[in-house]
Amino acid sequence: MNRLLEAQKKLLPDLLIVMQKRYDILQYIRLAEPIGRRSLATSLGLSERILRAEVQFLKEQNLLDVKTSGMMLTSEGHALLEMLEGMMKDVLGLTFLENTLKRKLGLEEVIIVSGDSDESPWVKQEMGRAAVQCMKKRFTGNNIVAVTGGTTMEAVAEMMTPDAKNRDMMFVPARGGLGENVKNQANTICAHMAEKASGTYKLLFVPGQLSEGAYSSIIEEPSVKEVLQTIQSSTMLIHGIGEAKTMAMRRNTPDEDLKKIDEHDAVTEAFGYYFNRDGEVVHKVHSVGMQLDDLESIPNIIAVAGGSSKAGAIEAYFKKPRRTVLVTDEGAAKELLRESIDPSI
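All values derive from a computational prediction rather than experimental measurement.

Ranked by internal contacts, the top residues of the largest apolar core, which has 97 residues, are M135, F171 and I238. At eight residues, the largest contribution of residues to this core is made by helix α7 (residues 122-138). Every residue in contact with M135, bar those within four places of it in the chain, is listed here: V145, V156, M160, M193, M236, I238 and I302. Listed in part, the eight residues of the second largest apolar core include A244, M247, A266 and Y274.

With an omega of -5°, the peptide bond running from E33 to P34 counts as cis. In this fold, P34 is placed in the loop between α2 (13-32) and α3 (37-44). The phi dihedral of S198 falls on the positive side, at around 60°, and the residue is not glycine. Structurally, S198 can be placed in the loop between α9 (186-197) and β6 (200-201). For D265, which is not glycine, the phi torsion reads 55° and is therefore positive.

Let us now look at the side chain of E330. Relative to the assigned elements, E330 resides in helix α15 (residues 330-336). With near-sequence residues (within four places) excluded, E330 lies in contact with L92, L94, L97, I112, V113, S114 and G115.

What follows is about the packing of α2 against helix α5 (residues 75-91). With their axes 11 Å apart at the nearest point, α2 and α5 run at an angle of 130° to one another. Between α2 and α5, the crossing angle belongs to the class labelled oblique. The handedness of the crossing between α2 and α5 comes out as left-handed. Here L16, M19, Q20, Y23, L26, Q27 and R30 of α2 lie close against α5, whose contacting residues are H78, L80, L81, L84, E85, M87, M88 and V91. Looking at the contact of α2 with α5 residue by residue, the classes come out as 10 nonpolar, three polar and two charged.

We now examine the packing of α3 against helix α4 (residues 48-60). α4 packs onto α3 with a crossing angle of 115° between their chain directions and a minimal axis gap of 10 Å. The pairing of α3 with α4 is recorded here as roughly perpendicular in orientation. Judged by the sense of rotation from one axis to the other, the crossing of α3 with α4 is right-handed. Listed contacts from α4 to R37, R38, L40 and A41 of α3 are E48, L51 and R52. Residue classes in the contact of α3 with α4 are distributed as three nonpolar, no polar and four charged.

In this section: the UniProt feature "domain: CggR N-terminal DNA binding" (unreviewed entry) in the protein chain. Per the UniProt annotation, the sites labelled "domain: CggR N-terminal DNA binding" (unreviewed entry) are residues 18-88. Secondary structure content for residues 18-88 is 70% helix and 11% strand, while the C-alpha to C-alpha distance between its ends is 12 Å.

We now examine the pattern of salt bridges. Note on pairing: side chains with opposite charge can pair once their charged atoms come close. Going through the model one piece at a time under the given rule, you end up with 18 salt bridges. Close ionic contact of K259 with E263 constitutes a salt bridge, the shortest N to O distance being 4.0 Å. Here K259 pairs with E263, and both are found in helix α13 (residues 255-263), just four residues apart, close to one helical turn. A relative accessible area of 51% means that E263 is categorised as exposed. A salt bridge links E330 to K334, with the nearest nitrogen and oxygen atoms 3.2 Å apart. On the criterion of helical spacing, the pair formed by E330 and K334 is a turn pair, its members being four residues apart in helix α15. Of the residues examined, E330 reaches a relative accessible area of 16% and is grouped as buried.

Residue position: E54 is located in helix α4. By relative accessible area, which is 8% here, E54 ends up buried. Excluding its chain neighbours within four sequence positions, the residues that come into contact with E54 are K21, R22 and I25.

Two faces make up the sheet, and in a regular strand the side chains alternate between them. Side-chain alternation along strand β3 (residues 110-113) places V110 and I112 on one buried face and I111 and V113 on a second face that is also buried. Two strands pair when backbone bridges link them, and β3 and strand β13 (residues 325-329) are joined in this way by four bridges, in the parallel orientation. Along β13, the bridge assignment pairs I111 with V327.

An order of β8-β9-β10-β11 is seen for the four strands of this open sheet, with the pairing classed as antiparallel. Each end of this open sheet is capped by a strand with a single partner; those strands are β8 (242-243) and β11 (281-284). Pairing between strand β9 (residues 268-270) and strand β10 (residues 273-275): three bridges, direction antiparallel. Residue pairing in the sheet places A270 in a bridge with Y273 of β10.

About the thresholds
Counting of residues starts from 1 at the beginning of each chain's written sequence and follows it residue by residue. pLDDT decides what is reported in this predicted model: residues at 70 or higher carry local features, side-chain atom pairs at 80 or more are listed and counted, and totals for whole chains, interfaces and linings draw on all residues regardless. Side-chain calculation: all heavy atoms of the structure are included, whereas hydrogens and water are not. Side-chain atoms within 4.5 Å link the members of a nonpolar core, which is a set of buried Ala, Val, Leu, Ile, Met, Phe, Trp, Tyr and Cys residues. Burial classes follow relative accessibility: with a 1.4 Å probe on protein chains only, a residue under 20% of its type's maximum area counts as buried, one over 50% as exposed, and anything between as partly exposed. Where helices and strands are cited, they refer to DSSP runs of H or I of at least four residues and of E of at least two residues respectively, numbered from the N terminus. The contact criterion used is simple: two residues touch if any of their non-hydrogen atoms lie within 4.5 Å. For helices, the fitted axis covers only the stretch in contact; all axes are lines through C-alpha atoms, and the angles between them, taken along N-to-C directions, range from 0 to 180 degrees. Angle categories: roughly parallel below 35 degrees, roughly antiparallel above 145, roughly perpendicular from 65 to 115, and oblique for all the rest. Crossing chirality is assigned from the near helix's rotation relative to the far helix, an anticlockwise turn below a right angle marking it left-handed and a clockwise turn marking it right-handed. As a working rule, the residues Ala, Val, Leu, Ile, Met, Phe, Trp, Tyr, Cys and Pro are called nonpolar, Asp, Glu, Lys and Arg charged, and the rest polar, with Gly in that last group. UniProt positions are given in the numbering used here, feature names are shortened, and annotations may be inferred rather than shown by experiment. One speaks of a salt bridge when a side-chain nitrogen belonging to Lys or Arg is within 4 Å of a carboxyl oxygen belonging to Asp or Glu. We treat two strands as partners when DSSP finds at least two bridges between them.

Below, the structure written as structure tokens:
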């Protein structure tokens, strides 16, 4: 297959360019269906004239269904996309990036989707879809899935679908988060994910940041204790990785803690912990929920983070050994490997 792809690149370079363009169109429609032609053209950066011709071709191939509500993939279109995914990873150089990044970060598995979510917001949805596929491969008979907050986790929730094997699904917020933007709170995302998966959920109604005294008091509350026991029994954790200063500002962090984060050169944040460039914890938010030590007992951990601007945060988080699957995008991967890959890839 690799030799055939190399021959095609040399003899028919335009064929691969056209193939990638049509693949991108089908891929985006799958994420956003039903979608109008104008919205699709804007999202993909194509002129309506070019897109009209491509849509007509894909419709004639019975890959698209055009209705008054918008364009949708046919069952044949869905099947073709699934069949092409592995090959397109080779065509786009993503398989090479995955293997190179695995070695660099010392991970067992890295999943990379095409594009840069900093430049194209729809790429975040594609990361969400890839994360859901990754989750489903690791589900067992009974699952307790702990979920953190953030816009990337919201994209994962939006892409969630019911489990084909009808396994038990319980979703819980990994940590308290009241006081943050409601849409991005772990509670909201947890409930949304459970609804999309046809599962159940438990919520944790506690603030995202607490004083030591308030923390000691709240964790003794019976209702909080019950949810905490469920969280500590999680079979899977799915979390984001954020830039330290961005996350601190978003959470309205007190000035004294902001100063501490700045003085200790924190560059990354994950589930309430701030890490420096060496992956060492330099600050911890007093929040009820999952703690860093709890990760040792969780069988499956999936981190989802992308965008070239997140490369430094991702690298810092994985400076210490992490038994984690990373789902990221091409923008972050290329920035992480900027000095070790051929710029033509």
